[in-house]
Amino acid sequence: MKIAAWQAVGVAGDLPGNLQRLAAAASSARAEGADILVTPELFSTGYAPAQVFDTDGEAIRAELADIARNANLALVASTVDRDSDRRFISASFFDAEGTERTRYRKSYLFGEEERSVFVPGSAAPEVVDYAGLRIALGICYDVEFPEFVRGAARRGAEALLIPTAVPTTGDVDGLPANRTYNADRISTLMVPCRAMENGIFIAYANHAGPDFTGLSCISGPHGNVLAQAERGESMLFAHFDSAEVQRARRINTYLRDFRDDL
């Protein structure tokens, strides 16, 4: 299976423009032979939690389903999900026919702005079989918790598809502002590590700079970096193979040797 991860900036307040650009990206990815496209967190609305928390996620998901169907491409995209008066950041997996196969609500909210308007999800992501690969979803900060990825792998996931929005950090503990410090290491160090320690593929699609770190990546189950973006808009591609997951897990036997009793 060929996976594409798209790095771009969704503009807050420009839903029609964002959806138009996403549709063009889906068509482009499909033309390159991609089977699944992973897009950044809250791309359709733009990542601005306090501005977009009350958007109509259901209507946007209908648009996203049409994009997947028209491009004949499976799509992972992030929207606002409502439950009564509660709001969640969610990610959906639409198959190439536009059917929403699963929706996951972000477990770990990042920063005061997210926590002020959203509620964390309380359910682990489902594992979905698609074209010979077992897939689960995560969103941004989730991947920074090793238990989250380990849980998905132990439930049978072979690939984790993650929309993300990692901002550049400002002043931290008196250090100079406008530096990224640890934020860069999420893509370059942490994601490959999560992939290796669980024998899993990870596609991690971030917003582009300058306000976000960029550095979207696709990592293989040996912890190998299959594709890495820079700061600007880009499209990454890599092939995912269930057999390679099994091979990686025979070499690094972390899942087999894991002890529930400790």
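Look up a bit, the structure's there.
Residues numbered from 1 in each chain as written. Predicted model: local features only at pLDDT ≥ 70, side-chain atom pairs only at ≥ 80, totals over all residues. Heavy atoms only, no water.

Novice: How should the nonpolar core be read in this particular structure?
Specialist: In a soluble, globular protein the nonpolar side chains are often hidden away together inside. Grouped together as the largest cluster of nonpolar side chains are 58 residues, with contacts concentrated most on I36, L160, L161, Y204 and F240. In terms of residue count, the dominant contributor to this core is strand 9 (residues 201-205) (five residues). Every residue in contact with L161, bar those within four places of it in the chain, is listed here: I36, V38, V76, I135, A136, L137, G138, A203 and F240. Listed in part, the 21 residues of the second largest apolar core include A4, L37, F43 and F94. (Core = buried A, V, L, I, M, F, W, Y, C linked by side-chain atoms within 4.5 Å. Buried < 20%, exposed > 50% of the residue type's maximum accessible area, 1.4 Å probe, protein only. Helix = DSSP H or I, 4+ residues; strand = E, 2+ residues; numbered from the N terminus. Contact = heavy atoms within 4.5 Å.)

Novice: Would you explain the side chain of S44 in this entry?
Specialist: Examined against the element boundaries, S44 turns out to sit in the loop between strand 2 (36-38) and helix 2 (49-52). Here S44 is in contact with D14, L15, N18, L19, L22, I60 and L64, once residues within four sequence places are set aside.

Novice: Quick question: what am I supposed to make of the sheet that holds strand 12 (residues 234-239) here?
Specialist: The pairing of strands in a sheet comes from backbone hydrogen bonds and takes either a parallel or an antiparallel form. With mixed pairing, the six strands of this open sheet are ordered in space as 5-4-3-2-1-12. The sheet is open, and its two borders are formed by strand 5 (100-105) and strand 12, each paired with just one other strand. Going across the sheet, the axis of each strand differs from the next one's by a mean of 30°, ignoring polarity. Relative to strand 4 (residues 86-94), strand 3 (residues 74-83) runs antiparallel, the two sharing nine bridges. Note on strand 4: the bridge partner recorded for V80 is I89. (Pairing = 2+ DSSP bridges. Axes fitted to C-alpha atoms, helices over the stretch in contact; angles between N-to-C directions.)

Novice: Just checking my understanding: could you explain the packing of helix 5 (residues 146-154) against helix 6 (residues 182-198) for this structure?
Specialist: The description of two helices packed together rests on the angle between their axes and the distance between the axes. The contact between helix 5 and helix 6 brings their axes to 10 Å, and the two run at 40°. Of the possible angle classes, the one that applies to helix 5 and helix 6 is oblique. Along this stretch, helix 5 crosses helix 6, giving a crossing that reads as right-handed. Residue-level inspection shows P146, V149, R150 and A153 of helix 5 in contact with helix 6, the latter providing R194, E197 and N198. Along the lines of polarity and charge, the residues of the contact of helix 5 with helix 6 split into three nonpolar, one polar and three charged. (Parallel < 35°, antiparallel > 145°, perpendicular 65-115°, else oblique. Left-handed = near helix turned anticlockwise from the far one by under 90°. Nonpolar A, V, L, I, M, F, W, Y, C, P; charged D, E, K, R; others polar.)

Novice: Teacher, can you tell me more about the sheet that holds strand 6 (residues 128-130) here?
Specialist: What the six strands build is an open sheet, ordered 6-7-8-9-10-11; its pairing is mixed. Whereas interior strands pair on both sides, the edge strands pair on one side only; in this sheet they are strand 6 and strand 11 (225-228). Within this sheet the neighbouring strands show an average axis-to-axis angle of 20°, counted without direction. Bridge analysis of strand 7 (residues 133-137) against strand 8 (residues 159-163) gives three bridges, and the strand direction is parallel. Opposite I135, over in strand 8, you have A159 as the bridge partner. Here helix 6 sits on the sheet and contacts strand 9, strand 10 (217-219) and strand 11; the angle it forms with strand 9, its principal contact strand, is near 155°.

Novice: Got a minute to help me understand the layout of surface pockets in this structure?
Specialist: Approximately 160 Å³ is the volume attributed to the second largest pocket. If you go around the second largest pocket, you meet 13 residues; those closest to its centre are R103, Y104, R105, A123 and A124. Every element with two or more residues in the lining of the second largest pocket is listed here: strand 4 and strand 5. Looking at which element gives the most residues to the lining of the second largest pocket, the answer is strand 5, with four residues. Of the residues that constitute the lining of the second largest pocket, the class distribution is six nonpolar, three polar and four charged. (1 Å grid on protein atoms, 1.4 Å probe; cavity = no way out; pocket = protein on both sides within 12 Å on 5 of 7 lines; lining within 4 Å. Points joined across faces, edges and corners; volume = space filled by probe spheres on them.)

Novice: Would you mind going over the packing of aromatic side chains with me for this structure?
Specialist: In this description, an aromatic ring pair is defined by two values, namely the gap between the centres and the angle between the planes. Tallied over the entire structure, the rule returns eight aromatic pairs. Pairing F110 with Y141 gives two aromatic rings, centres 5.2 Å apart and planes at 75°, and the pair type is edge-to-face. A residue pair is termed long-range when its members are at least 10 positions apart, and F110 in the loop between strand 5 and helix 4 (111-117) and Y141 in the loop between strand 7 and helix 5 qualify at 31 residues. A relative accessible area of 37% means that F110 is categorised as partly exposed. Owing to a relative accessible area of 22%, Y141 belongs among the partly exposed residues under this scheme. Through a chain of ring-to-ring contacts, the aromatic side chains of Y108, F110, Y141 and F145 assemble into a single cluster. Over the face of the ring belonging to F237 we find K2, whose NZ or CZ atom lies 4.9 Å from the ring centre. (Phe/Tyr/Trp six-rings, centres within 6.5 Å; stacked < 30°, edge-to-face > 60°. Lys NZ or Arg CZ within 6 Å of the ring centre and 35° of its normal.)

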